[in-house]
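Residues per chain, in single letters:
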Amino acid sequence: GLGDVYKRQEYMMNSMNDRYIETEINADDSGHIASVFALGNGYLGMRGTYDEDDEKLPDESGMYINGIFETAEPYKYYCLCRGLAKCDQYTVNLPDWRIIEVYIDGEKACISNGLKNHKRVLDFKKGCIERTFDFTSKTGKTIKVKSTRIVNMERVHSAQIRYEVTPIDFSGEIEIKAAIVKNTWIYGTYPTYTESEITDKNGIVLVSKTKNTGMRAACAVLHKADDSQCEVVNTDERYERVYKVCVEQGKTFTLEKYASFYSDVDNVDNMSEEARAEAANICQIGFDNLQSEQEKFWENYWKIGDVEIEGNDEDQMAVRFSLFHLRQQLATVNDMSIGATGLTGQNYSGKVFWDTEMYLMPYYIFTDPQTCKGLLMYRYRILDKARERAEQLGGVGALYSWCSIDGEETSVVYEASTAEYHINSDIAYAIWRYYDLTGDRDFVYNYGAEILFETAKYMAHRGCFVDGYGGRFCINAVCGPDEYACGVNNNCYTNLMVRFHLNYALRIYNEMLENDKAKLDEVIAKTGIDKEELALWKKASDNMYYRVNKELGIYEQDDCFVYNDPVDMDTLPRHSDIRTMFHPLDLWRMQVLKQADVVLLTFVLGDLFTKEEKKRNYDYYEPKTNHGSSLSTAIHSIIANEIGYYDQAYEYFRNSAFMDIYDVKKNTSGGLHIACLGGVWMCVVNGFLGMRHYDKGIEFNVHLPKAWTSCKCHINYKGSVIEICAGQKETVFSLVSGDGFSFNANGKEYSIDKDNAEVHI
Ligand code: BGC
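Throughout, a residue's number is its position along its own chain's written sequence, starting from 1. The predicted nature of this model means local features are confined to residues of pLDDT at least 70 and side-chain atom pairs, given and counted, to a pLDDT of 80 or more, with totals for whole chains, interfaces and linings taken over all residues. As a rule here, side-chain values cover all heavy atoms of the structure and leave hydrogens and water aside.

*Asks:* Sorry, what's going on with unusual backbone geometry here?
*Replies:* Backbone phi values are negative for most residues with the exception of glycine, while trans is the configuration of most peptide bonds. Despite not being glycine, D105 shows a phi value in the positive range, around 45°. Despite not being glycine, N746 has its phi angle at roughly 45°, a positive value. Each helix corresponds to a stretch of at least 4 residues labelled H or I by DSSP, and each strand to a stretch of at least 2 residues labelled E; elements are numbered beginning at the N terminus. With respect to the secondary-structure elements, N746 resides in the loop between β30 (740–745) and β31 (748–753).

If you want it as structure tokens, here you go:
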């Protein structure tokens, strides 16, 4: 359980259910808090560091653009085998344009010099950070400071800060410094180099470039303030404006910084000109207008995107915190995906995993389905890289890299990365879900089918019909979701997802054959699919091998897990990755799971299992799971709720919901666990509301935690939006827009439509 973790940071519980409030500063916790206060819009990401630099605190700043990355030095291998990853990739830290500092009589107002009445609010409704503090100098003068920071949701290239200083008990000179660090050097990150710069009287346009990838980003920053007494100091490292202003007691001096970023991932001719023009544009629009635009965005967004919980404000805050960050990380331009920590920190260095398809898309697709197209187009954009990857490994078709920014495999731990072939089928599953929910034929016929066929082809040739198993189709030497089990044969999750994948590829083939033969021919020409290939898919899926253990009544995770060495789980830590504690040879023979594997399968392909089977599998695997991955607890919560383990379901939900807020895994300083945040929505909607989405339709099975009196949210299903208002005794489904649909709730069929717009169960 979370136990002492809850107590550790009681100060955060000032937070209200629509905002997260920090009133005390814990210098040792500054990395964690910089992630919690991250702002972003899927294109830009900005860590939540304070406005001023403080020499006594670690530098936790971070400014990222989705897709702008650097490659590390090539990996050195003792024995260079075919297909090993060449080098790592890192989202780079772009110019740190945030810095604003105020000085009184030469003394900086900063945390280590003692700020009073510090309050910082991450406001989910307004979509900004508002910070206020007082500072008294050693010379006895007090100022009040207010700063407001916004990363724009509508104008994804831009962000702005307003900084207001008011002398409380004196009139006289204060000094404000507004700085930009051109190339940030932070431990564990890669910097950029200045390629060119232009300054004018209001600011600077800087073009930065990475060394190895040669990727460029332009950053324009303009300033608005009374600048009659402003001196500009521009060095190679820093651009700084120093305002020396005489302020009357009670009167406010205001400085505004407007920043805009364009980069190589944007399709523009002149990125520095675009950045300059956009900064000038937002500067002209002005802070107040941009702020109300931002508020409108979020107001509108929450109409469908929100989950309202009555009965427990802490849970409400944590759920909104998750949804707020999920939307902030959603890439909406340039066909990008979302890294494991989004654009909130350096852990996983910006790389994309299966997290997007399996843990993030559920929330996006059931609230704002169209946004998922770009996420899938990212996969199409890197399909050629996946084809190359298949070839590098001696295969055919396409294999997506396990973790990468541009599609190139980066992980050296091949046994728990490249071996996670299930990523191909997770992508296929996401395409199924997208098509089933949106009916976007244009996407599937032009792009999705090509992905499906190429990845199906890889999987069908990656496996083999093995005589020893009666000629059944086996996929050997793989790694399933449980990354403690490597090189195993026939991971059940992988095999059954591949079966789903092959069947779905065949289905799309047949559908296109019927509806659009010309388009199908184009895809056939690109993928080289022929009759034999189709027959192979059918034969492999019909003969897919997996093991059901009759004695234990479970699906075996793979060919060996059940026969591995038993483990005393009390000797192992929970919620941390134990791979560094053991030699791999020891870990691989242990009966311990990192995260939900068969249990995940009983959720994702839940209609293949009876409730009794789900229970038996949960009972077997859950006690052997140490949740070394933050992706684990949400899935356990969902299945626990389904099988009636309500207290455990709630505990696991809380674990996911507070993972980053309480820094449960002690690594949130490296960025938020975005998939875990996606899991929080899944705990509520798939867990407590029991929503399942299958080919045959959608179903609900509501069971709210004792701590909640009600839970309200919206679901977009095939173009109709319904509101679900669940209470302890009754649940009301009402049609908000669209024609309605049929669904199953608590085992009974219902229909909702314009004539019958409300269903009570
Ligand atoms: C998990 C993976 C996940 C990755 C990125 C790992 O610890 O085991 O399933 O994709 O983190 O979030």
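*Asks:* Looking at this model, I keep getting lost on the side chain of Q294. Mind explaining?
*Replies:* Secondary-structure assignment places Q294 in helix α4 (residues 287–305). Residue contacts are defined here by distance: any two heavy atoms, one from each residue, within 4.5 Å place the two residues in contact. Discounting residues that sit within four places of it in the chain, Q294 has contacts with K126, G127, I150, V151, N152 and M153.

*Asks:* Could you clarify how one ought to interpret the site of the ligand in this entry?
*Replies:* Summary of the distance rule: residues count as near a molecule or strand when at least one heavy atom falls within 4 Å of that molecule or strand. Taken together, A340, Y348, F353, W354, D355, W402, E483, K594, Q595, S629 and L631 form the complete shell of residues around the ligand. Within the side chain of D355, one N or O atom sits 2.6 Å away from an oxygen atom of the ligand. Nitrogen and oxygen atoms within 3.5 Å of one another constitute a polar contact, given that in protein one can donate a hydrogen and the other can accept it, and given that sequence-neighbouring residues count only through two side-chain atoms. With respect to the ligand, the side chain of E483 contributes an N or O atom lying 3.1 Å from an oxygen atom. Comparing atom positions with the cavity grids shows the ligand to sit within the largest pocket. Method remark: on a 1 Å grid restricted to protein atoms, a set of points is classed as a cavity if a 1.4 Å probe fits but cannot get out and as a pocket if it is open with protein on both sides within 12 Å along at least five of seven lines; lining residues have an atom within 4 Å of a point. Any molecule with more than half of its atoms within 2 Å of a cavity's or pocket's grid points is counted as sitting in it.

*Asks:* What's the story with helix α6 (residues 355–367) in this structure? I'm lost.
*Replies:* Think of an α-helix as 3.6 residues a turn; residues three or four steps apart then line up on the same face. Expected helix span is taken as 1.5 Å per residue step, with the number of steps being one fewer than the number of residues. With 13 residues, α6 extends 18 Å from end C-alpha to end C-alpha; this agrees with the ideal 18 Å at 1.5 Å per step. The sharpest bend along α6 measures roughly 55° and falls at M361, with the proline P362 sitting one to four residues further on. The rule is simple: take the accessible area with a 1.4 Å probe, protein chains only, and divide by the maximum for that residue type; under 20% is buried, over 50% is exposed, in between is partly exposed. Counting buried residues along α6, 13 of its 13 residues qualify, which places the element largely inside the surrounding structure. Note on bend: at a given residue it equals the angle between the axes fitted to the 7 residues ending there and to the 7 starting there.

*Asks:* Mind showing me how you'd approach the sheet that holds strand β14 (residues 193–200) here?
*Replies:* The strands making up a sheet are joined through hydrogen bonds of the backbone, oriented either antiparallel or parallel. A pair of strands is labelled paired if DSSP reports no fewer than 2 bridges between them. In space, the nine strands of this open sheet follow the order β1-β9-β10-β11-β12-β19-β16-β15-β14, with antiparallel pairing throughout. Each end of this open sheet is capped by a strand with a single partner; those strands are β1 (19–22) and β14. Going across the sheet, the axis of each strand differs from the next one's by a mean of 15°, ignoring polarity. Of the strand pairs in this sheet, strand β9 (residues 116–123) and strand β10 (residues 128–136) are connected by six bridges, and their pairing is antiparallel. Residue pairing in the sheet places K119 in a bridge with T132 of β10. Running over the sheet, α4 touches β10, β11 (142–151), β12 (158–167) and β19 (253–263) and is turned about 55° from β11. Sheet contacts for helix α5 (residues 313–329): β1 and β9; angle to β9, the most-contacted strand, approximately 65°. The axes used here are C-alpha line fits, helices contributing only the stretch in contact, and every angle between their N-to-C directions lies in the interval 0 to 180 degrees.

*Asks:* Is there a simple way to think about helix α3 (residues 271–285) in this case?
*Replies:* An ideal rise of 1.5 Å per residue puts 21 Å on 15 residues; α3 measures up with 21 Å between its terminal C-alpha atoms. Burial in α3 covers these residues: M271, S272, A275, E278, A279, I282 and C283. With its buried residues spanning 135° around the axis, α3 presents them on a single face. Looking at the buried residues of α3, the elements they touch are β12, β15 (203–209), β16 (216–224), β19 and α4. In the stretch just after α3, G286 is the one whose phi turns positive, near 90°. The arc in question is traced by the directions running from the helix axis to the C-beta atoms.

*Asks:* Would you mind going over the packing of aromatic side chains with me for this structure?
*Replies:* Here a ring pair, both rings aromatic, is described through the centre-centre distance and the interplanar angle of the planes. Here the aromatic set is Phe, Tyr and Trp, taking the six-membered ring for Trp, and pairing holds for ring centres within 6.5 Å; pairs whose planes are under 30 degrees apart are stacked, those over 60 apart are edge-to-face, and all others are tilted. By the definition in use, this model includes 49 aromatic pairs. With a centroid separation of 6.2 Å and an interplanar angle of 70°, the aromatic rings of Y75 and Y77 are classed as edge-to-face. Relative accessible area serves as the criterion here: at 23%, Y75 is assigned to the partly exposed category. With 4.7 Å between their ring centres and 40° between their planes, W298 and F324 make a pair best called tilted. Taken together, the residues W298 in helix α4 and F324 in helix α5 connect sequence positions 26 residues apart.

*Asks:* Could you clarify how one ought to interpret the layout of surface pockets in this entry?
*Replies:* Gaps left between atoms show up when a probe the size of a water molecule is rolled over them. Taken as a whole, the largest pocket spans an internal volume of roughly 1,000 Å³. If you go around the largest pocket, you meet 49 residues; those closest to its centre are Q346, N347, Y348, S349 and F353. Within this model, the second largest pocket holds a volume of roughly 330 Å³. Lining the second largest pocket are 21 residues, with K611, K614, E642, E699 and N701 positioned closest to its centre. Counting only elements with at least two residues in the lining of the second largest pocket, the list comes to α16 (611–621), α17 (632–642), α19 (674–688) and β25 (692–694). A per-element tally of the lining of the second largest pocket places α17 first, with three residues. For this scheme, ten residues count as nonpolar: Ala, Val, Leu, Ile, Met, Phe, Trp, Tyr, Cys and Pro. Four count as charged, namely Asp, Glu, Lys and Arg, and the remainder, Gly too, count as polar. Residue composition of the lining of the second largest pocket, grouped by class: five nonpolar, nine polar and seven charged. Grid points are joined across faces, edges and corners, and a volume is the space filled by probe spheres set on the points.

*Asks:* Mind showing me how you'd approach the environment of L376 here?
*Replies:* Examined against the element boundaries, L376 turns out to sit in helix α7 (residues 372–381). The buried category is assigned to L376, whose relative accessible area is 1%. Taking the C-alpha atoms as reference, L376 lies 32 Å from Y750; in sequence the two are 374 residues apart. Ignoring sequence-local partners within four residues, the contact set of L376 consists of M361, A430, I431, Y434, F443 and I451.

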